[in-house]
Amino acid sequence: MTLKEKIAGRKRRTAKIILLLFISLSFSHYEVMAQIKAGTGKSNITADSGNINDSLYVKTLVLENGELKIAIITMDVVAIGTIGNIPDDFLHDVRNEIEEKFGIDRDHVLVSASHNHHDGFLTGENSLRDDIRERTVSALGRAILNLEPVKIGVGTSFEDRFAMNRRINLKNGKVFTIRHANPNMPDEEITGLGEIDPEIGILKIDRLDGTPKAVLYNYGCHPYTGVPNKGVTAEYPGFASRLIEEQLGQGALAFFLQGAAGDITEIMYKDVNHPRDSEPFGQMLGLNVLNRTREIATCETKRLSVVNKVIYLPLRSDFASNLNALEMETQILLDSLRSTSLNLKTFLPLYLKYKISESYPSYYKYLYLDEEKKGTEDFKKLDESNRRDIDKYIRNIHIMERLSHIREDIYWLKLRKELANKTGGTSIPVEILGIRIGDFILVSFPGEAFAAVGLSIKKMSPYPFTFLSAYSNGYIHYAPDKEAFQKGGYEVTNCILAPEWQETYEKEILRVIKQL
């Protein structure tokens, strides 16, 4: 046998081995990767006492395809650690216990907060049960027990009736954030609003017989309007989920995943003329999701994947310069308060008098005419003096409002400076998670990403059904988009990240998406 023949025979044998190996691996993968199964569970995590309007829940969704298991946990709380009443070690302990008890890799567990401000966070009370970790693990255990084959469907809807961007564009090129902690800006200073993302991402999960098993929906808007009795409430996400579950029946659970809501708020949440109530907002969202869900077709799928990664986001370094600028502005404004003649008692009746009759505020018209005939100007000079004092008092009110904004900014900048300094470096480690369920792509961020960030991720993703689950697997405060840093506002002062964080995060999250 010639050398040429030997080489040719060797190539044929190698090709056969590769073919057999490929077939073997293909059948092995087919045997392992089976039809997706899903299981659900929930636990009430509301404290037993206090002013409770409606209950808070932790809900668990477990998905498996024979190859891997994934757990998605949603909670009616403000955050997963750092702020609020969820302990900082909660995420670590729960994931470890889930891995130990149920064999679900801790890196395959997503724990997401609805960012509900009415879980006791705003009142400074703890409205959560002490055994919240045990109840979370128990809910996941129940989800494991009712795992069953399911069909998957994906869709979107549109909702813009109750959400608005709370960052108000001003004539000076800056931004003011609507908050209870600050007075609103004068109308004449306002030029426009930022944008919202009105899209609702919907994952429909049906049993094989077509009955509903679960609905997972993603939408971005701060939940902090509350309810008229000022009690503990799961806010609009809770009302929406309850409506969906009641209408679907069959034991179906609705899972709300908060989106890029860092700069998005409910409308009218500073209304002082009517009792503030988020239930109508929840009903709007719930009916919207319910109607769209009924239109979404489901089918069997085996496609289930997850990618977990730790990335490093840059920390800001401009705390000192920003604080110095605010302190200087504070001193200038304080100095301008000198030479104020009126107090509140004299200002209010005087102001009303000059508004009721701008031409003849100090007396009836006939005395003004009498002075004019006699060539005197006593009332005219009085009015000029009073108007100067009124204008000065009004300017002082605006200065007071600006000072309240500045003091808020200084307060948050100092807190975030302290937090950034504790890291001892120039960047912070952040865990990001990507999950694929059929055609549904979910990526996480552990903070308050702006709507522009969520929209950017959707635009760059190669998949049409891509959604951002913010407030997930931790909490690192606000994360404005790069353009927002130039305009300022509450969210920028309450942020530890440098503007470059967005580019880093988006680049890394795109890599995660492409691996799913």
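Residues numbered from 1 in each chain as written. Predicted model: local features only at pLDDT ≥ 70, side-chain atom pairs only at ≥ 80, totals over all residues. Heavy atoms only, no water.

Visitor: Quick question: what am I supposed to make of the overall build of the protein chain here?
Guide: When its secondary structure is counted, the protein chain shows 13 helices and 19 strands. Expected size for 516 residues packed as a compact globule is a radius of gyration near 24 Å; at 30 Å, the protein chain overshoots this value by more than 25%. C-alpha atoms of the protein chain, sized along the principal axes, occupy 135 × 60 × 40 Å. In the protein chain, buried positions account for 52% of the 516 residues. Within the protein chain, counting contacts between residues at least 6 apart in sequence, those at least 24 apart form 79% of the total. (Helix = DSSP H or I, 4+ residues; strand = E, 2+ residues; numbered from the N terminus. Rg over C-alpha atoms; globule rule 2.2 N^0.38 Å. Buried < 20%, exposed > 50% of the residue type's maximum accessible area, 1.4 Å probe, protein only. Contact = heavy atoms within 4.5 Å.)

Visitor: Looking at this structure, how should I read the environment of Gly 259?
Guide: With respect to the secondary-structure elements, Gly 259 resides in the loop between strand 12 (253-258) and strand 13 (264-266). Residue Gly 259 is classed as buried on the basis of its relative accessible area, which comes to 2%. Considering only alpha carbons, one finds Gly 259 and Gly 201, 58 residues apart in sequence, at a separation of 9.4 Å. Residues within four places of Gly 259 in sequence aside, it is in contact with Asn 218, Tyr 219, Gly 220, Leu 468, Ala 470 and Tyr 471.

Visitor: Please clarify how the sheet that holds strand 15 (residues 427-437) should be interpreted in this entry.
Guide: Note: strands within a sheet are paired through backbone hydrogen bonds, in either parallel or antiparallel orientation. Spatially, 14-15-16-18 is the arrangement adopted by the 4 strands of the open sheet, whose pairing is mixed. In this open sheet, the two strands that pair with only one neighbour each are strand 14 (304-314) and strand 18 (466-469). Strand-to-strand twist across the sheet, computed as the mean angle between neighbouring axes with direction ignored, equals 20 degrees. (Pairing = 2+ DSSP bridges. Axes fitted to C-alpha atoms, helices over the stretch in contact; angles between N-to-C directions.)

Visitor: Would you mind going over the side chain of Gln 35 with me for this structure?
Guide: Mapping Gln 35 onto the fold places it in the loop between helix 1 (3-32) and strand 1 (37-44). Of the polar contacts made by the side chain of Gln 35, one reaches the backbone oxygen of Val 150; its length is 2.5 Å. (Polar contact = N/O pair within 3.5 Å; in protein donor to acceptor, adjacent residues only side chain to side chain.)

Visitor: When you look at the environment of Tyr 236 in this model, what are you seeing that I'm missing?
Guide: As for its placement among the helices and strands, Tyr 236 is situated in helix 4 (residues 235-248). On the basis of relative accessibility, which here comes to 0%, the residue Tyr 236 falls in the buried class. As a C-alpha pair, Tyr 236 and Asp 439 span 203 residues in sequence and 27 Å in three-dimensional space. Looking at Tyr 236, its side chain comes within polar contact range of the main-chain oxygen of Cys 221, at 2.6 Å.

Visitor: Please clarify how the pattern of salt bridges should be interpreted in this entry.
Guide: Where side chains of opposite charge bring their charged atoms close, a pairing between them can arise. Scanning all chains against the criterion turns up 33 salt bridges. Two residues, Arg 161 and Glu 159, come together in a salt bridge whose shortest N-O distance is 2.7 Å. Exposure remark for Arg 161: the relative accessible area of 47% places this residue in the partly exposed category. According to the relative accessible area criterion, Glu 159 is buried, its value standing at 1%. Arg 179 serves as the salt-bridge partner of Glu 408, at 2.9 Å between the closest nitrogen and oxygen. With Glu 408 in helix 9 (residues 378-423) and Arg 179 in the loop between strand 8 (175-177) and strand 9 (190-193), this residue pair connects regions lying 229 residues apart in the sequence. Judged by its relative accessible area of 12%, Arg 179 is buried. Connected through shared salt-bridge partners, Asp 48, Arg 129, Asp 131 and Arg 135 make up one network. (Salt bridge = Lys/Arg side-chain N within 4 Å of Asp/Glu carboxyl O.)

Visitor: Would you mind going over the sheet that holds strand 4 (residues 109-113) with me for this structure?
Guide: Taken in spatial order, the 8 strands of this open sheet run 4-3-2-1-5-10-11-12, and their pairing is mixed. Looking at which strands have only one partner, the edges of the open sheet turn out to be strand 4 and strand 12. Each neighbouring strand pair of the sheet contributes to a mean axis angle of 25 degrees, computed without reference to strand direction. Two elements, strand 11 (residues 212-219) and strand 12, share 6 bridges in a ladder whose sense is parallel. Across the sheet, residue Asn 218 finds its bridge partner in strand 12, namely Leu 257. Together, strand 1, strand 2 (57-64) and strand 3 (69-75) form the strand contacts of helix 3 (residues 132-145), whose direction differs from that of strand 1 by roughly 150 degrees.

Visitor: Sorry, what's going on with the packing of helix 6 (residues 319-335) against helix 9 here?
Guide: For any two helices packed against each other, one specifies the crossing angle of their axes together with the interaxial distance. In the contact formed by helix 6 and helix 9, the axes pass within 10 Å of each other and the chain directions differ by 155 degrees. As summarised for this structure, helix 6 and helix 9 are arranged roughly antiparallel, according to the angle between their axes. At the point where helix 6 passes helix 9, the crossing takes the left-handed sense. Along its contact with helix 6, which presents Phe 319, Asn 322, Leu 323, Leu 326, Glu 327, Glu 329, Thr 330, Leu 333 and Leu 334, the element helix 9 presents Ile 399, Arg 402, Leu 403, Ile 406, Arg 407, Asp 409, Ile 410, Leu 413, Lys 414, Arg 416, Lys 417 and Ala 420. (Parallel < 35°, antiparallel > 145°, perpendicular 65-115°, else oblique. Left-handed = near helix turned anticlockwise from the far one by under 90°.)

Visitor: For this particular structure, what's the right way to read helix 4?
Guide: Think of an α-helix as turning once every 3.6 residues; residues three or four places apart then point the same way. With 14 residues, helix 4 ought to run about 20 Å at 1.5 Å a step, and its terminal C-alpha atoms sit 20 Å apart, in line with that. Of all 14 residues that make up helix 4, 11 are buried, and the element is covered over most of its length. Every buried residue of helix 4 is listed here: Glu 235, Tyr 236, Pro 237, Gly 238, Phe 239, Ala 240, Ser 241, Leu 243, Ile 244, Glu 245 and Leu 248. Backbone geometry just downstream of helix 4 places Gly 249 in the positive-phi region, at approximately 65 degrees. (Expected span 1.5 Å × (residues − 1).)

Visitor: Sorry, what's going on with unusual backbone geometry here?
Guide: Working note: non-glycine residues mostly have negative phi, and peptide bonds are mostly trans. Look at Lys 230: it is not a glycine, yet its phi comes out positive at around 65 degrees. Within the secondary structure, Lys 230 sits in the loop between strand 11 and helix 4. A relative accessible area of 53% places Lys 230 in the exposed class. Positive phi outside glycine occurs at Gln 250, with the angle close to 60 degrees. Note on placement: Gln 250 falls in the loop between helix 4 and strand 12.

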